[in-house]
Structures are given as structure tokens and as C-alpha cells.
Amino acid sequence: PQAEAAAIATRGGAQRGQFVSLLLANLDTADAALLTKLAILDDVHPDLCRAMVAGADASERLRRLARDTPIFVAGEESEWLRMHALAREELRRRFADRPADERAALHARAGDWLAGHGFVEAAAGHALAAGQHDKAYDLAERSLYEAILTRGQQHAVTDWVARLPSAEIDRRPRLLLAAAWVLALSERHEEAGRLVERLLAVHAVDDAVRCESDLIL
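Residues numbered from 1 in each chain as written. Predicted model: local features only at pLDDT ≥ 70, side-chain atom pairs only at ≥ 80, totals over all residues. Heavy atoms only, no water.

1. Considering helix 3 (residues 29-38)
Count 3.6 residues to each turn of an α-helix, and residues three or four apart come out pointing the same way.
Okay, step 1: Where helix 3 is concerned, the buried positions are D31, A32, L34, L35, T36 and L38.
Okay, step 2: Packing partners of the buried residues in helix 3 comprise helix 4 (46-52), helix 5 (58-68), strand 1 (72-74), strand 2 (81-83) and helix 6 (85-96).
Okay, step 3: Where helix 3 begins, the capping side chain belongs to D28, and its oxygen is found 3.1 Å from the backbone nitrogen of A30. (Buried < 20%, exposed > 50% of the residue type's maximum accessible area, 1.4 Å probe, protein only. Helix = DSSP H or I, 4+ residues; strand = E, 2+ residues; numbered from the N terminus. Contact = heavy atoms within 4.5 Å. Polar contact = N/O pair within 3.5 Å; in protein donor to acceptor, adjacent residues only side chain to side chain.)

Listed below in C-alpha cells is the structure:
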């Protein structure tokens with residue numbers, strides 16, 4: 001089924017629509033409801049599923065769907081699953097029609113589990129979607145400085161800086177540093193310098209931060 005699904009998914013728009021219908025049409029109500037809730041995740045783990053969705057059988061239901069349908073792609077030697085992109089797109093449309101308080105609660109549960117298991121950047125995104133803005137900004141500050149310095153993920157920092165109010169960036173020195181590093185690495189040195197100036201003007205920084213600021217400049 002996985003190979004057939006992949007082949008259909010690469011064809012034209014009408015056939016792609018038929019593919020999604022084929023994937024979802026034969027699901028029972030409980031399975032469809034579970035998948036609609038899980039569609040907000042980029043990757044799904046049975047324990048994360050259980051944390052998000054009430055019901056003792058939620059993780060087993062997920063495993064059965066992964067085993068018996070082509071909706072999920074499993075990682076090698078891992079319990080992590082990724083939903084087929086076309087199915088996820090359709091299910092996210094359905095999720096958007098759910099009541100706002102239900103959507104927020106699911107995002108909040110996902111964010112709590114992800115933060116507790118070290119997936120801090122993903123947790124920040126769910127906290128933001130849940131309306132937990134201060135929590136989202138704190139998680140973003142924790143993750144993005146490491147994202148640029150240890151993993152070189154400039155795009156992650158750029159995306160978050162675009163989403164955050166400038167006042168929130170100014171309140172968080174590690175966010176200012178991360179954004180300044182991205183600009184400096186992109187050879188936008190004048191803009192990086194302005195961020196460093198904002199950092200030094202607003203925050204009482206230690207010698208390590210001053211040294212890092214000099215490196216950016």
C-alpha cells in the first residue's frame with residue numbers, strides 16, 4: 001500500500017484528490033477523529049498521541065493505523081511516524097473547523113509533551129498556536145540560540161524572528177544574539193550591528209556576552 005500511495009500522490013491534481021479520498025473514506029469515526037487531532041503534528045509518537053488524546057487505546061489505535069493503512073510512514077527502527085503529506089493537509093483543514101478551545105487544548109498538550117522530551121522549538125510552535133504567548137516566547141529563546149550556534153539552522157531563527165513582536169525580542173538577550181548571528185552569517189553586518197547595539201543598550205550583560213557581541217561585529 002505504501003508504494004501504491006506514493007505512486008498515486010505524484011500524479012495530477014484530480015488523482016491526488018482521489019488519493020486523499022481513498023485514504024480517508026474507509027476510516028471509522030473514531031479513527032478519523034484521532035487522525036484529525038494528530039494532523040497538527042509534523043511527527044507522531046505513540047506516547048505523544050496518548051498525551052494528546054483521551055482514551056487508553058489511543059496509542060494502540062495509532063499503531064494499528066500505521067500498520068494497516070498507508071496514512072503513515074514509519075521511521076526505521078523507530079516508533080516515530082510521519083503522516084502522508086496529502087492526508088495531513090486535508091486533515092488540517094478539518095482540524096481548522098474544530099472549536100477554537102479544542103484546538104488550543106490539543107496544541108497545549110502537544111507543546112507540553114514536546115517540551116518535556118527536549119523538542120523545544122516544536123513545543124514553542126504549539127504553545128504559540130495554543131495562545132500561550134509568553135510560554136512560546138520563552139521556549140523559542142531557549143531553542144533558537146542553540147539552533148544557530150550548534151546546528152546552524154539559520155532558517156529556524158529567521159522564521160521565528162519574523163513571528164515575534166520586536167518588543168519580545170528586545171526582552172530576550174539570547175533571541176537578540178541568535179538574530180544577530182543570522183544577520184552576520186548572511187553578511188548583513190550593519191543590521192547585525194544594530195541588534196547588538198539594542199542588546200547592549202537594554203540588558204546588563206556579562207563578559208561572555210560582550211565577547212560574543214564583539215565576534216558578531
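2. Considering the nonpolar core
If you look at soluble globular proteins, the nonpolar side chains tend to sit buried side by side.
Okay, step 1: One finds L38, M52, I71, F72 and M83 to be the most contacted residues of the largest nonpolar core, which totals 66 residues.
Okay, step 2: Among the elements that make up this core, the one with the highest residue count is helix 12 (residues 173-185) (ten residues).
Okay, step 3: Beyond its immediate chain neighbours, meaning those up to four positions away, I71 contacts L23, L24, L27, L35, R82, M83, H84 and A87. (Core = buried A, V, L, I, M, F, W, Y, C linked by side-chain atoms within 4.5 Å.)

3. Brief notes about helix 14 (residues 207-216)
Okay, step 1: Those residues of helix 14 lying buried are V209, E212, S213 and I216. End-on view of helix 14: buried residues confined to an arc of 105 degrees, all on one side of the axis. Looking at helix 14, the residues exposed on the side facing more than 90 degrees away from the buried face are D207, D214 and L215.
Okay, step 2: The N-cap of helix 14, judged by a side-chain oxygen 3.2 Å from the amide nitrogen of A208 a few residues on, is D206. (Arc of directions from axis to C-beta.)

4. A short note on unusual backbone geometry
Okay, step 1: Although it is not a glycine, E187 sits at a positive phi angle of roughly 60 degrees.
Okay, step 2: Assignment of secondary structure puts E187 in the loop between helix 12 and helix 13 (189-202).
Okay, step 3: Among the residues examined, E187 registers a relative accessible area of 65% and is labelled exposed.

5. A word on the environment of A204
Okay, step 1: Checked against the element boundaries, A204 lands in the loop between helix 13 and helix 14.
Okay, step 2: Once the C-alpha coordinates of A204 and P173 are considered, the two residues, 31 residues apart in sequence, prove to be 9.6 Å apart.

6. Structural notes on the pattern of salt bridges
Okay, step 1: Counted by the stated rule, this structure contains 21 salt bridges.
Okay, step 2: Note that R172 and D138 form a salt bridge whose closest N and O atoms lie 2.8 Å from each other. With R172 in the loop between helix 11 (166-171) and helix 12 and D138 in helix 9 (residues 133-150), this pair connects stretches of sequence that are 34 residues apart.
Okay, step 3: R194 is the partner of E190 in a salt bridge, and the nearest nitrogen-oxygen pair spans 3.3 Å. Placement of both E190 and R194 in helix 13 is noted, with a separation of four residues, approximately one turn of the helix.
Okay, step 4: By sharing partners, the salt bridges in this structure join D138, E141, E168, R171 and R172 into a single network. (Salt bridge = Lys/Arg side-chain N within 4 Å of Asp/Glu carboxyl O.)

7. Here's the deal with the layout of surface pockets
In this approach, a probe sized like a water molecule rolls over the atoms, and the result shows the empty space that is left.
Okay, step 1: Approximately 530 Å³ is the volume attributed to the largest pocket.
Okay, step 2: Lining the largest pocket are 22 residues, with D42, L114, E121, A122 and H126 sitting closest to its centre.
Okay, step 3: Of all the elements in the fold, those that place two or more residues in the lining of the largest pocket are helix 7 (100-116), helix 8 (120-129) and helix 9.
Okay, step 4: The element best represented in the lining of the largest pocket is helix 8, accounting for six residues.
Okay, step 5: Residues belonging to the lining of the largest pocket are distributed by class as follows: eight nonpolar, six polar and eight charged.
Okay, step 6: What the second largest pocket holds in volume is close to 200 Å³.
Okay, step 7: V161, A179, L183, R188 and L195 are, among the 13 residues lining the second largest pocket, the residues nearest its centre.
Okay, step 8: Those elements that provide at least two residues to the lining of the second largest pocket are helix 10 (154-163), helix 11, helix 12 and helix 13.
Okay, step 9: The residue inventory of the lining of the second largest pocket, partitioned by class, reads eight nonpolar, two polar and three charged. (1 Å grid on protein atoms, 1.4 Å probe; cavity = no way out; pocket = protein on both sides within 12 Å on 5 of 7 lines; lining within 4 Å. Points joined across faces, edges and corners; volume = space filled by probe spheres on them. Nonpolar A, V, L, I, M, F, W, Y, C, P; charged D, E, K, R; others polar.)

8. Comments concerning the packing of helix 7 against helix 8
Okay, step 1: One way to put it is that helix 7 packs onto helix 8 with a least axis distance of 8 Å and a crossing angle of 160 degrees. As judged from the angle between their axes, helix 7 and helix 8 are roughly antiparallel. For helix 7 against helix 8, the interelement crossing comes out left-handed. Contact residues: H107, A110, G111, L114 and A115 in helix 7; A122, A123, H126 and A129 in helix 8.
Okay, step 2: Of the residues contributing to the contact of helix 7 with helix 8, the split by class is six nonpolar, three polar and no charged. (Axes fitted to C-alpha atoms, helices over the stretch in contact; angles between N-to-C directions. Parallel < 35°, antiparallel > 145°, perpendicular 65-115°, else oblique. Left-handed = near helix turned anticlockwise from the far one by under 90°.)

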